[in-house]
Amino acid sequence: MKIRVQSEAFDLGAEVAAMSKGRTDIGAIASFVGLARDLNEGSGVTAMTLEHYPGMTEKALAKLVDEANARWTLLDVTVIHRVGRLLPGDPIVLVAVASQHRGEAFTACEFIMDYLKTEAPFWKKEETADGERWVEARVSDDAAAARWNPS
Amino acid sequence: MKLRILYFARLRECFGVAEETLDFAGATAADLVVHLQARGGVWAEELAAGRAFRVAVNQDIVALDTALPDHAEVALFPPVTGG
């Protein structure tokens, strides 16, 4: 398991290669990369700054990965989230999940992203032509996380 | 009890403070919120009933009825928006 919070960019290819290096039991690696968009809430975004809660962030991400490991048989998980100022097109977050078969890798990757969006203490502030604004949490993100716990 | 309180994102900006230590006589996270609301102004406004904010105690998000341990690290912040 690899969990990193960093300001530098990451390399998806290198991260995926590192997961399978030296082992032959992995049959599937599913990955997700989230990028900074140039448009949000109908107006142009020229840059964004990601703030986080050092200490709690790493702990919250580890908890998400533990939860995924409890639900599925996973062989390795990598989560990298960037902080600081990012420009449109820049990668923000990487989640990669290795397992024996594709089903668990796909599902666990989506699960980790859905929970990351609602549980991990990151906040985005956007720069627009009208000034700066904090991004508001979306109800659709809560719904995406909630569907993993049907009552 | 003694608490270390951290504020993040929009709340840190609105309150104009990132961190403070507080001698606190209450028992729960809800008591702390009431104590902070009583400061008035932006505190009353941002922490009013119905406003969305989260409370973490020792780096875990908790419900408001959670008891605060002495020397706890308490954080108040808006709903998260990473990813």
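Thresholds applied
- Residues numbered from 1 in each chain as written.
- Chains lettered and ligands numbered in written order.
- Predicted model: local features only at pLDDT ≥ 70, side-chain atom pairs only at ≥ 80, totals over all residues.
- Heavy atoms only, no water.
- Axes fitted to C-alpha atoms, helices over the stretch in contact; angles between N-to-C directions.
- Helix = DSSP H or I, 4+ residues; strand = E, 2+ residues; numbered from the N terminus.
- Parallel < 35°, antiparallel > 145°, perpendicular 65-115°, else oblique.
- Left-handed = near helix turned anticlockwise from the far one by under 90°.
- Contact = heavy atoms within 4.5 Å.
- Nonpolar A, V, L, I, M, F, W, Y, C, P; charged D, E, K, R; others polar.
- 1 Å grid on protein atoms, 1.4 Å probe; cavity = no way out; pocket = protein on both sides within 12 Å on 5 of 7 lines; lining within 4 Å.
- Points joined across faces, edges and corners; volume = space filled by probe spheres on them.
- Buried < 20%, exposed > 50% of the residue type's maximum accessible area, 1.4 Å probe, protein only.
- Lys, Arg positive; Asp, Glu negative; His and termini not counted.
- Salt bridge = Lys/Arg side-chain N within 4 Å of Asp/Glu carboxyl O.
- Polar contact = N/O pair within 3.5 Å; in protein donor to acceptor, adjacent residues only side chain to side chain.
- Core = buried A, V, L, I, M, F, W, Y, C linked by side-chain atoms within 4.5 Å.
- Pairing = 2+ DSSP bridges.

### Re the packing of helix α3 (residues 102–119) of chain A against helix α4 (residues 139–146) of chain A
For any two helices packed against each other, one specifies the crossing angle of their axes together with the interaxial distance.
Residue and element names in this part refer to chain A.
Argument step 1. Contact geometry of α3 with α4 gives a least axis separation of 8 Å together with a crossing angle of 130 degrees. Taken together, α3 and α4 sit at an angle that is classed as oblique. Crossing hand, α3 versus α4: left-handed. The residues of α4 that touch α3, namely those facing Asp 114, Tyr 115, Lys 117 and Thr 118, are Asp 141, Asp 142, Ala 144 and Ala 145.
Argument step 2. Class assignment for the residues of the contact of α3 with α4 results in three nonpolar, one polar and four charged.

### Remarks on the layout of surface pockets
Argument step 1. Looking at the largest pocket, its volume works out to about 500 Å³.
Argument step 2. Lys 117, Lys 124, Arg 138 and Asp 141 of chain A together with Gly 82 of chain B are the residues nearest the centre of the largest pocket, which is lined by 29 residues in total.
Argument step 3. When contributions to the lining of the largest pocket are tallied by element, the ones reaching two or more residues are β2 (28–35), β3 (39–40), α3, β9 (122–128) and α4 of chain A.
Argument step 4. Residue contributions to the lining of the largest pocket peak at four residues, all from α3 of chain A.
Argument step 5. Within the lining of the largest pocket, the residues separate by chemical class into 13 nonpolar, six polar and ten charged.
Argument step 6. Within this model, the second largest pocket holds a volume of roughly 210 Å³.

### A word on the environment of Ile 29 of chain A
Argument step 1. Secondary-structure assignment places Ile 29 of chain A in strand β2.
Argument step 2. Beyond its immediate chain neighbours, meaning those up to four positions away, Ile 29 of chain A contacts Val 16, Met 19, Ser 20, Ala 96, Val 97 and Ala 98 of chain A.

### Concerning the side chain of Asp 76 of chain A
Residues and elements named next belong to chain A.
Argument step 1. Within the element layout of this structure, Asp 76 appears in strand β6 (residues 76–82).
Argument step 2. No salt bridge is formed by the buried Asp 76; the nearest opposite charge belongs to Arg 23, separated by 4.8 Å.
Argument step 3. In this structure the side chain of Asp 76 is engaged in a polar contact, spanning 3.0 Å, whose partner is the backbone nitrogen of Met 1.
Argument step 4. Setting aside anything within four residues of it in sequence, one finds Asp 76 in contact with Met 1, Met 19, Arg 23, Ala 96, Val 97 and Ala 98.

### Here we look at the nonpolar core
Argument step 1. Within the largest apolar cluster, 31 residues are counted, with the highest numbers of intra-cluster contacts made by Val 79, Val 95, Val 97, Ile 112 and Leu 116 of chain A.
Argument step 2. Considering every element that reaches this core, the biggest residue donor is α3 of chain A, with eight residues.
Argument step 3. Not counting residues within four places of it along the chain, the set of residues in contact with Ile 112 of chain A comprises Leu 64, Ala 68, Val 77, Val 79, Val 95 and Val 97 of chain A.
Argument step 4. Leu 3, Trp 43, Val 55 and Leu 76 of chain B belong to the second-largest nonpolar core, a separate cluster that totals 20 residues.

### Thoughts on the sheet that holds β9 of chain A
All names here are of chain A.
Argument step 1. If you walk across this open sheet you meet the four strands as β7-β5-β9-β10, and the pairing is antiparallel. The sheet terminates laterally at β7 (84–86) and β10 (131–134), the two strands that pair on one side only. On average, each strand axis in the sheet is inclined to that of its neighbour by 25 degrees, with strand direction left out of account.
Argument step 2. Strand direction decides the pairing type here: strand β5 (residues 47–52) and β9, joined by six bridges, are antiparallel. Looking across to β9, one finds that Glu 51 is bridged to Trp 123.

### Comments concerning the packing of helix α2 (residues 56–71) of chain A against α3 of chain A
Residue and element names in this part refer to chain A.
Argument step 1. Contact geometry of α2 with α3 gives a least axis separation of 10 Å together with a crossing angle of 150 degrees. Where α2 crosses over α3, the two elements pack in a sense that is right-handed. Contacts from Met 56, Ala 60, Leu 61, Leu 64, Glu 67, Ala 68 and Arg 71 in α2 reach Phe 111, Ile 112, Tyr 115, Leu 116 and Glu 119 in α3.

### Considerations on the sheet that holds strand β3 (residues 54–57) of chain B
All names here are of chain B.
Argument step 1. The strand order β2-β1-β5-β3-β4 describes an open sheet built from five strands, whose pairing is mixed. Every other strand in the sheet has two partners, leaving β2 (19–23) and β4 (60–62) as the edge strands with one partner each. Strand-to-strand twist across the sheet, computed as the mean angle between neighbouring axes with direction ignored, equals 30 degrees.
Argument step 2. Across four bridges, strand β1 (residues 2–7) lies against strand β5 (residues 73–77) in parallel orientation. Note that in β5 the partner of Tyr 7 across the bridge is Leu 76.

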